[in-house]
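# Structure at a glance
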Amino acid sequence: MRVLPSCICLSRLFFLLGITILASIMAGTEHETKAWKQLLAMPIPKGSIYLANLLWIFILQLCTVAITVVGMCIIWFLYTSEPLPWKILILQPLFVCLSSLPMMAIQLWFSTVFSNQALPLAIGIFGSISSLFLARSRSFIIHLLPWSYPALSSQLIPGHVQWIWISLGVGLLLSVLGAFMFARREFE
Amino acid sequence: MTDYAIDTHQLTRRFGQRETVKRIDLKVPKREIYGFLGPNGAGKTTTIRMLLGLIRASSGDIRILGKDLNKNRMEILKDVGSLVESPSYYAHLSGYKNLKIVTLMHGIPESRINEVLQWVRLEQAAHRPVKGYSLGMKQRLGIAMALITKPKLLILDEPTNGLDPSGIQEIRELITRLPRDFDITVLLSSHLLSEIEQVATYVGIINHGELIFQGPLQELTERSRPYVWMEIDRPMEAAAALNDNGWDAEPDAATGQLRTSVTGRKESAEMIRYLVGRRHDVYRVTEKKKTLEEIFLELTGQEQSL
């Protein structure tokens, strides 16, 4: 039972790094093959291309959630014979996924803007690591940063439900904003 | 006029202070092959990007197939196929799968894929990954991707870039067939006149962002009519005398020669007799015909820089 919090912390870190890498790979493929112009010259609303990419990041991250749950169960069986705490095992990674929607939107936006993926990766890695500490801050302003939502939405923290709603709200807002800015952008 | 496939009005694009495209009135008649010519960096690609809505115009209007691009972008793009600069493809996928992506996005039947693969002669290589394709094959795949949607307007930016002579020939044959067989209007950009000369029926020449010539190809070829050049002493005086006699003649101070558009054998003889009679020494008489290449260079003012 004592390993659980550190497992949660670690899996959360890798989850956020996963978002960074996924966004970078998705946008990077288009940058590398110079396919943006091809894609944007199709009769599709420009913003929907951004939203479709975002949706795929979300779907793939839901798969990560499933894998995490299975992995946690295996670890649980290996180290203890206590009954499985299903609720925490499933809801914990799921909440992380929901509350990282703003970060997905931000990462995808950065990855589409810069053809060199080093910068978006750096931002994502920095954000993922700092998310481990942001939630421990007492400052409400720091809590409002999208990177602190995943930690604040943990079931082990009181009042996590409000943070899930906040992240969903901010996430939707950033997605719409991202789609709008993507549509206005001029691609090389 | 709805008879134009592309009709722009005072189309301008600024990058910061610099105007890369200056008040262009591009008129591309339907069912023609329009050669869009200009040296590198003249604004061809910028114009084409604006036509596709990839970048915004700083000012001016674009009408494509009779519709305003700003208002009906989606509708227009359904009827437009394009290949801008280098073709875009996913190298790890086969040519067939690359085409399938396009059919999925446009919602057109998959059976079209084999049809266009045949047009560009890629049936043999269809199921190999694109990264193993030669440059010519990639270019042909790009054209297939542009054609698969049965467009009414095809925009090709330097489609023969990097192709070998036989590849160029193949693409050329394919392009010439399009208006006739499929009712497609083609806008073809190139920096090589020789390229355009053989396929285009209509020509627009752009230089430093300005459209300096637009019209049927014949109009351009007419400018290549022959002139008779005479090397003569006192060319100014001789030209004036010829003009007085009703002949068209122009002195060329730089070379000390005289140029006339009168090329008939009899007339030439008569002119020479007349000039000799006026005690001019005629050293040499030659007929010169300007090549289209020379006209192009003259129009684009690139003679000096070469």
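Residues numbered from 1 in each chain as written. Chains lettered and ligands numbered in written order. Predicted model: local features only at pLDDT ≥ 70, side-chain atom pairs only at ≥ 80, totals over all residues. Heavy atoms only, no water.

Moving on: the overall build of chain B. Helix and strand counts for chain B come out as eleven helices and 15 strands. Relative to the 2.2 N^0.38 estimate, which gives 19 Å for 306 residues, the radius of gyration of chain B is 24 Å and therefore markedly larger than a compact globule would have. Taken along its principal axes, the extent of the C-alpha atoms in chain B is 80 × 45 × 35 Å. Within chain B, the proportion of its 306 residues that are buried is 49%. In chain B, the share of contacts with a sequence separation of at least 24, taken over all contacts with a separation of at least 6, comes to 67%. Approximately 15,000 Å² of chain B is accessible, and the part contributed by carbon and sulfur atoms is 46%. Counting 42 positive and 40 negative side-chain charges, chain B places the averaged centre of each group 7 Å from the other. (Helix = DSSP H or I, 4+ residues; strand = E, 2+ residues; numbered from the N terminus. Rg over C-alpha atoms; globule rule 2.2 N^0.38 Å. Buried < 20%, exposed > 50% of the residue type's maximum accessible area, 1.4 Å probe, protein only. Contact = heavy atoms within 4.5 Å. Areas by Shrake-Rupley, 256 points an atom, 1.4 Å probe, with all protein chains shown as cover. Lys, Arg positive; Asp, Glu negative; His and termini not counted. Charge placed at Lys NZ, Arg CZ, Asp CG, Glu CD.)

Residue and element names in this part refer to chain A. The grouping of Val 70, Ile 74, Ile 75, Leu 78 and Tyr 79 at the surface amounts to a nonpolar patch, some 540 Å² of accessible area in total. Looking at where Ile 75 falls in the secondary structure, it is placed in helix H3 (residues 46-79). Residue Ile 75 is classed as partly exposed on the basis of its relative accessible area, which comes to 31%. (Patch = residues over 30% accessible without salt bridge, like charges linked within 9 Å, V, L, I, M, F, W, Y side chains within 5 Å. Salt bridge = Lys/Arg side-chain N within 4 Å of Asp/Glu carboxyl O.)

Residues and elements named next belong to chain B. The six strands lie next to each other as S7-S8-S9-S4-S10-S11, forming an open sheet whose pairing is mixed. Edge strands, defined here as strands with exactly one partner in the open sheet, are strand S7 (80-83) and strand S11 (210-216). Taken over all neighbouring pairs, the strand axes of this sheet differ in orientation by 15° on average, direction set aside. In this sheet, strand S9 (residues 185-190) lies alongside strand S8 (residues 153-157) in parallel orientation, the contact comprising five bridges. Directly across from Leu 154, in S9, lies its bridge partner Val 186. Contacts from helix H11 (residues 292-300) reach strand S4 (33-37), strand S10 (202-207) and S11, with the element oriented near 40° to S10. (Pairing = 2+ DSSP bridges. Axes fitted to C-alpha atoms, helices over the stretch in contact; angles between N-to-C directions.)

Quick look at the sheet that holds strand S15 (residues 282-288) of chain B now. Two pairing modes exist for strands in a sheet, parallel and antiparallel, and in both the strands are linked by backbone hydrogen bonds. Residue and element names in this part refer to chain B. The sheet built from four strands is open, its strands ordered S13-S14-S12-S15 with antiparallel pairing. The open sheet has two edge strands, strand S13 (250-252) and S15, and neither has a second partner. Mean inter-strand twist for the sheet, computed between neighbouring axes without regard to direction, equals 25°. In this structure, strand S12 (residues 227-232) lies alongside S15, joined through six bridges in antiparallel fashion.

What the domain assignment reports for chain B is domain 1 (4-221) and domain 2 (226-289). If you average the C-alpha positions of domain 1 of chain B and of domain 2 of chain B, the two centres end up 47 Å apart. (Domains from an automatic or database assignment.)

It is possible for side chains bearing opposite charge to pair when their charged atoms get close. Residues and elements named next belong to chain B. In total, this model carries 21 salt bridges over all chains according to the counting rule given. The salt bridge involving Arg 31 is made with Asp 183; its shortest N-O contact spans 2.5 Å. Placement of Arg 31 in the loop between strand S3 (27-29) and S4 and of Asp 183 in the loop between helix H6 (165-182) and S9 is noted, with a sequence separation of 152 residues between them. For Asp 183, a relative accessible area of 43% gives the class partly exposed. Arg 284 is paired through a salt bridge with Glu 231; the nearest N and O atoms lie 3.3 Å apart. With a gap of 53 residues between them, Arg 284 in strand S15 and Glu 231 in strand S12 connect regions that are remote in the sequence. With a relative accessible area of 25%, Glu 231 lands in the partly exposed category. When salt bridges that share partners are traced, they join Arg 14, Glu 19 and Arg 23 into one network.

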